[in-house]
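Next come the chains, spelled out residue by residue.
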Amino acid sequence: AFRRGPAFSKLVLIVAASGGGLVAYADARTDPATEPSQAATKKKVVVLGTGWAGTTFVRNVDSSLYDVQVISPRNYFAFTPLLPSVTCGTVEPRSIVEPIRKIIRKKGGEIKFWEAECVKIDPDNKKVHCQTNIRTNLEGNGEFLVDYDYLVIAVGARVNTFNTPGVVQHCHFLKEVEDAQKIRKGVIDSFERAILPDLDEEERKRTLHFVIVGGGPTGVEFAAELHDFISEDLAKLYPTVCNLVKISVIEHGGHILTMFDKRIGKFAEEKFRRDGIELRTGYRVVKVSDNIITMKDKSHVESSVSYGMAVWSAGIGARPIILDFMKQIGQGSRRALATDEWLRVRECDGVYAIGDCATMSQRKVMEDILEIFKFADKDNSGTLTVKEINDALEDICIRYPQVELYLKSNQMSDIVDLIKASKGDVRKESVELDIEEFKNALAYVDSEVKNLPATAQVAAQQGNYLASCFNRMKHCEKKPEGPLRIRELGRHRFRPFRYKHLGQFAPLGGEQTAAQLPGDWISIGHSSQWLWYSVYASKQVSWRTRALVISDWTRRFIHGRDSSCI
Ligand code: FAD
C-alpha cells in the first residue's frame, strides 16, 4: 500500500563500491552539489523524532560523513522542561520552540527533513514507512517509504493512562506544546465560567477545583505554577471567586516527588500544605467522568471528588509504533525498546534507540555471562549450583578483568540473591539451577535492573554519545576503544554509553526551587530558583529562544502573566 512520494521518485540507485556490497541510494535531484560517487559512499542515516534525543543527535553528527534524513510529525524542537511554565503564561509557547530547519541550516543544510510520522519500521528490508498529514503536497494518501543503512529511533513516549476509563475523554495531558496551550485556555475558561451569573456556589466551587493526577516532577511543577498564577494574577482579576479555588494532587504512592531525595519530597509536601494545595497520597484514580473523579485507597475503599478541570500526568508508555516494532523483533513483553550499552537495538542490524522510547538493558551483559556459565558447565550436565555460579563469577572477574566493569562484587551477590528469589526460595544455601532456569532468572534479574530515568538529560546525553560514535565510526574500526569482549573477540569498537547525572530541579512555586545536585547535594529555596533560571537559560538551543525566554521571565516580573483567553 505504500509508495514512494515525489521527493523519492528520482532517487538514483547506485551500487556501493565499498561497505560490504551494501546498496546506497543518493538523492541526486534534491542535493545537486553531491557527486554521485561521493553520495554512493555515504551511508544513509534516518533519524525518527525531533525531541531531545533526535535533535541532539542531529546537532552533533558530522553530516558530511552521512546522508542524514530526519523524519518527525513536528517540525520543531520543544524545550519540554519549560512546558509547565507555558500552561500559565509565565513563558510563551513560541519562546520554547526552535524550528528544526533552522538547526539543520546551521549545519550547512546537508541534512534533509520530512514532516511526517513513521508508521512502521521494517528492519528486514531496512525501510521505514511514513505518512504525512500535509496531503496537499502529495498525491494519494500521503504515504511514502524511506530506506536506511542506520536507523536512529528517537520518537519519545506517549502519556500512559493505564487504561483508566474516561481519562482520554475528560483529562488534559501535559506532554506537548499544544497540551500546555490547551491547559492555559482551560484554566482561564474555568474562571470565566465560575464568575458567570446564575451559577450556584457549589457549581462555582466545582468549576474551580483543579485536580492533578500524578505527584511526579511534572504534576508537582504544574500544581506550583497554577498556584502562583492564581494567587499572583487571577486573584486580582476574579476577586469574587478566588476564595472558592481548590488545587488537589492525587498520587498513587505514599509521597510526592519520590524520585528525589526524601528531604525534597518532605519540603514540597509541607510547602504545598502551607499553600493550601490538597495532597491525596496513596490513592489510585480508577475512573474519570465529566465532573467526577473516582479513586481507591490502599485498602480498596472507593471515594470520589467533583472537579472542574483535571490534568493527567501519571506516567509515560510506549508509542504504538514502538509497541508494533517490539512485537516484530520479539520484545513484545517489554515496556520500552531494549538496547545494549552501545544503544543498539538488540538483534536488529543498524538500528539504534535513544531517549524515552528506549531502555538500556543489561540483558546483553547477562547473556554474555550466560555464555560463560555454559562454558563453566564443563561436564555438560546442564546444571550449576549457586556455589558453582559464585565460583564462576569470581573466575570470570579474574580471567576477564573487564567484566568487573559490570560485575562489582556486591552485584555478584545481588545476582545470586535474585536467582534464589526467582526460584521462590531465598533461604536455601545451595540451589540447583539448570540452564533454562538460569535463563528465567536472568529475565528476572533484567526486570530488576534499574533503568535510566526518562528525562531530557538522559535523552540528550544519548543523542550526543551516539553522534560521537557515528563521527568516529571509521577511526574506531581501525582503533577500537571499547572494553575487551569476552572470549577473545577483540575490543568493542566504542566505549559503552555511560550516563552522567548532572542533577535535577523541582520548581515548587513562590520563587522557590529544590535542587538535587551530584554528590547528593541538596539546596532548596530562593537561591536554587536563581540557579534554575541560569541553568534553563543556558540550556536553550539557540540565542533566539534564550532571549525570548529571558524576556518572558522579565515581562512576568514586571507585568504579571497574561490572562487573555486566546
Ligand atoms: P521527545 O522529546 O518526546 O521527542 C520525541 C520526538 O519524536 C518528537 O519530535 C515527536 O514529534 C517525534 N515522534 C513521535 N512519534 C513519531 C513517529 N511515529 N515518527 C517520527 N517521529 C515521531 N526532563 C528533564 O530532564 N528535566 C525536566 O525538567 C523535564 N521536565 C519535563 C516537563 C514536562 C511537562 C514533560 C512532558 C517532560 C519533561 N521532561 C524533563 C522529560 C523530557 O521532556 C523527556 O525525557 C524528553 O523529551 C525525552 O526526549 P525524547 O527525544 O526521547 O522524546
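In this text, all values refer to a predicted model and were calculated from it rather than measured experimentally.

Okay, the overall build of the protein next. A count of helical and extended segments in the protein gives 19 helices and 29 strands. Looking at the protein residue by residue over its 566 residues, the buried ones come to 37%. Put simply, 62% of the contacts in the protein that link residues at least 6 apart link residues at least 24 apart.

For helix α16 (residues 456-471), spanning 16 residues, the distance from its first C-alpha to its last is 22 Å, which sits close to the expected 22 Å at 1.5 Å a residue. Buried positions along α16 lie against β3 (43-48), α3 (52-60), β4 (66-72), β11 (150-153), β23 (351-353) and α17 (473-478).

As a further point, take the site of the ligand. Around the ligand, the surrounding shell holds 33 residues, and the nearest of these are G49, G51, T80, G156 and G355. Put simply, the parts of the chain that give the shell around the ligand at least two residues each are α3, β4, α4 (83-86), β8 (117-122) and α16. Per-class residue counts for the shell around the ligand are 17 nonpolar, eleven polar and five charged.

Turning our attention to the environment of R59. Relative to the assigned elements, R59 resides in helix α3. Along the backbone, R59 and A467 are 408 residues apart, and their C-alpha atoms lie at a distance of 8.5 Å.

Time to look at the sheet that holds β8. Spatial strand order, β8-β9-β10: three strands in an open sheet with antiparallel pairing. The outermost strands of the open sheet, each flanked by one partner alone, are β8 and β10 (143-147). Each strand axis lies, on average, 25° off the axis of its neighbour in the sheet, ignoring direction. Relative to β10, strand β9 (residues 127-131) runs antiparallel, the two sharing five bridges. The residue bridging V128 from the neighbouring strand is V146, located in β10.

Here we come to the sheet that holds strand β17 (residues 284-288). Strands sit in the order β17-β18-β19 across an open sheet of three strands; the sheet is antiparallel. Strand pairing shows two members of the sheet lacking a second neighbour, β17 and β19 (302-306), which therefore form its edges. With direction set aside, neighbouring strand axes in the sheet form an average angle of 30°. Here strand β18 (residues 292-296) pairs with β19 via five bridges, running antiparallel. Residue M295 lies in a different strand from β19, and its bridge partner there is S303.

Between its first and last C-alpha atoms helix α10 (residues 262-275) spans 20 Å; for 14 residues at 1.5 Å apiece the expected length is 20 Å, and the two agree. Within the span of α10, buried status applies to I264, G265, F267, A268, E269 and F272. Within two residues after α10, G276 carries a phi angle of roughly 85°, on the positive side.

Let's shift gears to the packing of α3 against α16. Viewed as axis vectors pointing N to C, α3 and α16 meet at an angle of 30°, and their least axial separation amounts to 7 Å. Comparing the axis directions of α3 and α16 gives the class roughly parallel. The handedness of the crossing between α3 and α16 comes out as right-handed. Between α3 and α16, the residues in contact are W52, A53, G54, T56, F57 and N60 and A456, A459, A460, Q462, G463, N464, L466, A467 and S468, respectively. The residue makeup of the contact of α3 with α16, split by class, is eight nonpolar, seven polar and no charged.

What follows covers the nonpolar core. Nonpolar side chains in soluble globular proteins tend to end up buried together. Counting residues in each nonpolar core, the largest one holds 123 residues, and the members touching the most others are V152, I153, I354 and C357. At eight residues, the largest contribution of residues to this core is made by α16. Beyond its immediate sequence surroundings of up to four residues, I354 is in contact with A53, F57, V152, A154, L343, A459, Q462, G463 and L466.

Moving on, we come to unusual backbone geometry. Unusually for a residue other than glycine, K126 sits at a positive phi of about 50°. Along the chain, the position of K126 falls in the loop between β8 and β9. In this structure K126 comes out as buried when scored by C-beta crowding, with 21 C-beta atoms within 10 Å. Unlike most non-glycine residues, E511 shows phi in positive territory, near 60°. Structurally, E511 can be placed in the loop between β27 (504-509) and β28 (512-517).

Residue position: G254 is located in the loop between β15 (246-251) and α10. Along the primary structure G254 and L145 are separated by 109 residues, whereas in three dimensions their C-alpha atoms are 48 Å apart.

Okay, the pairing of strand β14 (residues 209-213) next. Among the five residues in β14, five count as buried, and that is most of the element. Here β14 shows a buried face lined by H209, V211 and V213 and a second buried face lined by F210 and I212.

The subject of this paragraph is the pairing of β11. Of the strand pairs in this sheet, β3 and β11 are connected by four bridges, and their pairing is parallel. The residue of β11 that forms the bridge with V46 is L151. In the sheet, β11 pairs with β23 via three bridges, with the strands oriented parallel. Paired with L151 across the two strands is V351, which belongs to β23.

Relative to the assigned elements, C130 resides in strand β9. Exposure remark for C130: the 24 C-beta atoms within 10 Å place this residue in the buried category. Filtering out sequence-adjacent residues up to four positions away, C130 remains in contact with I71, W114, A116, E117, C118, V119, E143, F144 and V146.

Rules and cut-offs
Residues numbered from 1 in each chain as written. Predicted model: local features only at pLDDT ≥ 70, side-chain atom pairs only at ≥ 80, totals over all residues. Helix = DSSP H or I, 4+ residues; strand = E, 2+ residues; numbered from the N terminus. Buried ≥ 20, exposed ≤ 12 C-beta atoms within 10 Å, placed from the backbone. Contact = placed C-beta atoms within 7 Å. Expected span 1.5 Å × (residues − 1). Near = placed C-beta within 6 Å. Nonpolar A, V, L, I, M, F, W, Y, C, P; charged D, E, K, R; others polar. Pairing = 2+ DSSP bridges. Axes fitted to C-alpha atoms, helices over the stretch in contact; angles between N-to-C directions. Parallel < 35°, antiparallel > 145°, perpendicular 65-115°, else oblique. Left-handed = near helix turned anticlockwise from the far one by under 90°. Core = buried A, V, L, I, M, F, W, Y, C linked by C-beta atoms within 7 Å.

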